[in-house]
Amino acid sequence: MRTALLALVCLSLIFATASAQGIVVPGDADGDMIVSDEELELAEQSYSEGKITSDELEEIKHIHEKYPITVTNSYGDTVTIYKPVNGIISTPSWSIEMLFILDALDKVVGVTSTQQEVFGWIPGMDSKSTVGAWNSIDYEKIIELNPDIVNTAFDQKDAMEHAGITFLRLSTRNWTTFETDLRCLGKVLEKEERAEEFLRWNGDYKSQLAEIVDNIPSENRLRVYGESNHHNLFAAAPNSGLHHAITSAGGINIGKDLGFESSFLDVDPEWILTEDPDAVIIAATMSEWAPGPALDYYPSDTTESLNQYLELTRNRPGIMNTDAANNGRIYLLHGYCSEGAPRGVIAAYYIAKWLYPEYLQDIDPNEIHEEYFEKWLGAPYQGIWAYPQES
């Protein structure tokens, strides 16, 4: 029996044994995707006989000690990882920022063309293989690239698992689930310490802002209309990142009672006029549409187009004649700040600075944003992400 198992181990190390799920685990001889004590012992014997290298033996030891790893994401899915993740693809546009935070870009084997364009200033993004655009994912290309893990449309789960790719859903737009999913991703990538370090950093800034907001009397809280630049009258509903940013900043989102399962919903201009917001914040969730190109790491032009966009917005039906328009309180925010949970707290600081500058006199949101870029994205800070800037 021992001789037969040794033979199996040797074959698995040389040719790689595939499990029923199509997942290959080095050192696993019996196909259960776990390296047992006996299989480790036999791998050590294979090394002493010169049949495997020291690097291969160290990998098997690591798998024996660390794996399998089981995680549960914010959706309640329980996923088991049987070996170190060396390749990952995550197609939702905002989701790749989690991988930057975890310093795991080296594990990314494919990106969407949208991610490559939007995050082209991240060192190394330009050399990644592309798997289609955000709205036209090339799932065959994903399978061809053969990552260990994929996060993409849920209706592709069966196809990915049939190809031997572990399917792991991650939510990066929902503030309430972000911590769960960052910890989940950190665990499967063996980046737990990095994940916890970021959550402490993020939590400290959230706590600081909460203390500031607590000092703003309820009668002084401003009512805010939030909108996506996807199209006019596309209002921020309770499930949007913009809603969370507005409320965390001490504002009152006039769309707080819209559909609770929705991110943005169409509204009538008469509804906005009736609500008469004190401020309007438009999130450029569609980076290729105005004002998106002028809110960017590499702005398309000077602030002239942003000022033109603000003027057009001020004179739009539904916004014209509101207190926000009359008092010039219309603001523009990059959608990757408002809708991506990793930068949600930064969006909240920008909004709080606009709404209550007297309470944030000594705080510059750009400085927090710069710290985020340099510490967590590994890129120098530049560009226009919020406009106009509150002095």
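Only a predicted model underlies this, so the values are computations on that prediction, with no experimental measurement involved. In every chain, residue numbers begin from 1 and rise along the written sequence. Per-residue local features are limited, in this predicted model, to residues with pLDDT of at least 70; the limit for side-chain atom pairs, both in listing and counting, is 80 or more; totals at the level of whole chains, interfaces and linings are taken over all residues. Side-chain numbers here rest on the full set of heavy atoms in the structure, without hydrogens or water.

Asks: Please set out the confidence of the model for the chain residue by residue, giving values where relevant.
Replies: Within the chain, residue pLDDT values average 93, and 94% of them lie at 70 or more. pLDDT is defined as a per-residue confidence score from the predictor, taking values between 0 and 100. Pairs of residues are marked as contacts when any of their non-hydrogen atoms sit within 4.5 Å. Predicted confidence for residues 11–20 stays below pLDDT 50, and this span has 20 contacts to residues more than four positions away or in other chains.

Asks: An account of the layout of surface pockets is needed here, citing residue identities and associated values.
Replies: Considering only enclosed or pocket space, the largest pocket measures out at about 790 Å³ in volume. Cavities and pockets were defined on a 1 Å grid built from protein atoms only: a cavity is a group of points that admits a 1.4 Å probe but offers it no way out, a pocket is an open group of points flanked by protein on both sides within 12 Å along at least five of seven lines, and a lining residue is one with an atom within 4 Å of any such point. Along its surface, the largest pocket is lined by 32 residues, and Pro92, Ser93, Trp94, Trp134 and Arg173 are the ones closest to its centre. Grid points are joined across faces, edges and corners, and a volume is the space filled by probe spheres set on the points.

Asks: I'd like to hear about helix α9 (residues 192–214), residue by residue, with values.
Replies: The end-to-end C-alpha distance of α9 is 32 Å, a good match for the 33 Å that 23 residues give at a rise of 1.5 Å each. A simple rule labels every residue: compare its accessible area, found with a 1.4 Å probe on the protein chains alone, to the largest value its type can have, and call it buried under 20%, exposed over 50%, or partly exposed in between. Helical segments are the DSSP runs of H or I of at least four residues, strand segments are the runs of E of at least two, and each set is numbered from the N terminus. Of the residues making up α9, those classed as buried are Ala195, Phe198, Leu199, Trp201, Asn202, Tyr205, Leu209, Ile212 and Val213. Along its buried surface, α9 packs onto α4 (96–101), α8 (175–188), α10 (241–248), α15 (344–355) and α16 (365–377). For a helix, the expected span equals 1.5 Å multiplied by the number of residues minus one.

Asks: Kindly report on the environment of Val25, identifying the contributing residues and their values.
Replies: Here Val25 lies in the loop between α1 (2–15) and α2 (37–48). Sequence separation between Val25 and Gly203 is 178 residues, and the spatial gap between their C-alpha atoms is 37 Å.

Asks: If you had to explain empty space enclosed by the protein to someone new, which residues and values would you point to?
Replies: Going through the model one piece at a time under the given rule, you end up with one cavity of 30 Å³ or more. What the largest cavity holds in volume is close to 70 Å³. Looking at the largest cavity, the residues that line it are Trp175, Phe178, Glu179, Asn202, Lys206, Ala341 and Val345. Those elements that provide at least two residues to the lining of the largest cavity are α8 and α9. In terms of residue count, the dominant contributor to the lining of the largest cavity is α8 (three residues). When its residues are assigned to classes, the lining of the largest cavity shows four nonpolar, one polar and two charged. Ten residue types, Ala, Val, Leu, Ile, Met, Phe, Trp, Tyr, Cys and Pro, are classed as nonpolar, four, Asp, Glu, Lys and Arg, as charged, and the remainder, Gly among them, as polar.

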